[in-house]
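Chains, contacts and geometry: an overview
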Amino acid sequence: LPIVYPLTWYNGDTIAKADIGFAGAGSNSPDNFRIMGAVQVRQIRTQKATCPTTYQRELRNMVLACVGEYSLYTQEEASFGPLEKGMPRYSFTTNKENGENSYSGQFSTYDGGGY
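Residues numbered from 1 in each chain as written. Predicted model: local features only at pLDDT ≥ 70, side-chain atom pairs only at ≥ 80, totals over all residues. Heavy atoms only, no water.

Let's talk about the overall build of the protein
Regarding its fold elements, the protein presents two helices and four strands. When the elements of the protein are put in sequence order from the N terminus, they spell out α-β-β-α-β-β. Relative to its full complement of 115 residues, the protein shows a buried share of 17%. Long-range contacts, defined here as pairs at least 24 residues apart, represent 37% of the contacts in the protein between residues at least 6 apart. Roughly 9300 Å² of accessible area belongs to the protein as shown, and the carbon and sulfur atoms make up 54% of that amount. (Helix = DSSP H or I, 4+ residues; strand = E, 2+ residues; numbered from the N terminus. Buried < 20%, exposed > 50% of the residue type's maximum accessible area, 1.4 Å probe, protein only. Contact = heavy atoms within 4.5 Å. Areas by Shrake-Rupley, 256 points an atom, 1.4 Å probe, with all protein chains shown as cover.)

Laid out in structure tokens, this is it:
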């Protein structure tokens, strides 16, 4: 995605710096029309061969790798993807490196790290 943060309003007018920031930060825009910030998409991955042993035995002839449920203990952190300048394109960053907070979702807790 080259850019997901809008630079102009729907009518083509440039978005003023005063309209970008936190809701209630003191602009003329109503809080419900405030631009909160850029969209971030983070990917998390689960390590291969993390599904229960019973499934591994049953599926070993049908699938290349059995991937179990995501958890903080099965989270994959190895870089992957095509090489760019000798390095894999996607590198894992921890929540301390990227400044993200942990989040408790419907199925698991996500620590803010990812690709």
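Examining the packing of aromatic side chains
In total, this model carries four aromatic pairs according to the counting rule given. Summarising the aromatic geometry, the rings of F80 and Y115 are spaced 5.0 Å apart at their centres and angled 80° between planes, so their arrangement reads as edge-to-face. You can see F80 sitting in strand β1 (residues 80-84) and its partner Y115 sitting in the segment after β4 (109-110), a full 35 residues away along the chain. Note on Y115: relative accessible area 11%, which makes it buried. Ring geometry for F92 versus Y115: centroids 5.6 Å apart, planes at 75°, classification edge-to-face. Of this pair, F92 sits in the loop between β2 (87-90) and α2 (95-98) while Y115 sits in the segment after β4, placing them 23 residues apart in sequence. The burial state of F92 is the same as that of Y115; both residues are buried. By way of ring pairs, the aromatic residues F80, Y90, F92 and Y115 are connected into one cluster. In this structure, R45 packs its charged tip against the face of F80, placed 3.7 Å from the ring centre. (Phe/Tyr/Trp six-rings, centres within 6.5 Å; stacked < 30°, edge-to-face > 60°. Lys NZ or Arg CZ within 6 Å of the ring centre and 35° of its normal.)

Focus on the side chain of Q75
Secondary-structure assignment places Q75 in the loop between α1 (53-59) and β1. Residues contacting Q75, with those up to four places away along its chain left out, are I44, R45, Q47, Y70, F92 and D111.

A closer look at unusual backbone geometry
In this model, K85 sits at a positive phi of 55°, which is unusual for a non-glycine residue. With respect to the helices and strands, the residue K85 is situated in the loop between β1 and β2.

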